[in-house]
Amino acid sequence: MAKGAVGVMLILVVLASGWWGLQRLPTQYNPFIPLTLDDPPGTFTRYKLHKLAQQPQRCIALLKQARARGMISWQVQRDVAGPCPLNNVVRVERFGAVGLSSRFLASCPLALRSAMYIHQHAAPLARRLQGSALTRIDHVGSFACRNIYNRPEGRLSEHATADALDVSGFRFANGQRITIEKGWRAGGKTSAVLKALFQESCLWYGTALGPQYNAAHAGHFHLGVRGFGLCR
């Protein structure tokens, strides 16, 4: 057999072996298998979440699954034209047993990331560290048609496309309320809970900015879709 033919056969064997191996990888480690609601955070899950920005139908299908499972309540909103057009947005009402200080507009990727983060990490982590169930997330908004830091020039903020939520605090079944503005540097258990919740958010969002980033974020967590793992 000619050396060229042998080489081609070896390449085919390697490719076939690689495909066989990929088919047997768990979903969360296989970039070619579509995202599921149970995928744990990681590089490939973040990659699949990132891709949803270009897969609106797939994203809405997953969001409907999440609603059917009680992970999130939402309503479809009309597309909006103008200087900050909105397409494929929803109004999030709550995350299962976890309520909100008010409903908020969200792109589908933001709503889905938030539902997965809260149910896989935030709620269980808060219960374990706080000793009480997480009952409400306080926030200061999602959609705002503006540039970053309200500058007259520059690129649009993630808020201009409803791709980010600013979380300001958390409430628990025992009646306690923790605010990021006062609790982040408070020390002790309160500070530990907030810092743990922030670190876990970094696994789900493209951009997670907290009080250590700059003074503009001293009182909230900015949890956004853009980017691929910025955590500061």
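None of these values were measured; they are calculated from a predicted model.

**Q** So what's going on with the environment of Asn147? Residues and values would help.
**A** Tracing the backbone through its elements, the reader meets Asn147 in the loop between β5 (134-139) and β6 (164-172). Sequence separation between Asn147 and His159 is 12 residues; the distance between their C-alpha atoms is 8.5 Å. Excluding its chain neighbours within four sequence positions, the residues that come into contact with Asn147 are Pro152, Glu153, Gly154, Arg155, Leu156 and Ser157. Only 2.9 Å separates the side chain of Asn147 from the backbone oxygen of Arg151, close enough to count as a polar contact.

**Q** A description of the environment of Ser73 should follow, citing residues and the corresponding values.
**A** Within the secondary structure, Ser73 sits in strand β1 (residues 73-76). Ser73 gets classed as partly exposed once you look at its relative accessible area, which sits at 26%. Measuring from C-alpha to C-alpha, the distance between Ser73 and Arg94 comes to 5.4 Å, with 21 residues separating the pair along the chain. Those residues in contact with Ser73 that lie beyond four places of it in its chain are Arg91, Val92, Glu93 and Arg94.

**Q** Any chance you could break down the state of the cysteines for me, citing the residues and the numbers?
**A** A complete count under the given rule lists three disulfides for this structure. Note that Cys59 is cross-linked by a disulfide to Cys108, the S-S spacing being 2.1 Å. Where Cys59 bonds to Cys108 through sulfur, the torsion about that S-S bond is close to -105°, and the disulfide is left-handed. Pair noted here: Cys59 is in helix α3 (residues 56-68) and Cys108 is in helix α4 (residues 108-130), with a separation of 49 residues, a long-range link. The residues Cys59 and Cys108 share a single accessibility class, namely buried.

Conventions and cut-offs
- Residues numbered from 1 in each chain as written.
- Predicted model: local features only at pLDDT ≥ 70, side-chain atom pairs only at ≥ 80, totals over all residues.
- Heavy atoms only, no water.
- Helix = DSSP H or I, 4+ residues; strand = E, 2+ residues; numbered from the N terminus.
- Contact = heavy atoms within 4.5 Å.
- Polar contact = N/O pair within 3.5 Å; in protein donor to acceptor, adjacent residues only side chain to side chain.
- Buried < 20%, exposed > 50% of the residue type's maximum accessible area, 1.4 Å probe, protein only.
- Disulfide = S-S within 2.5 Å.

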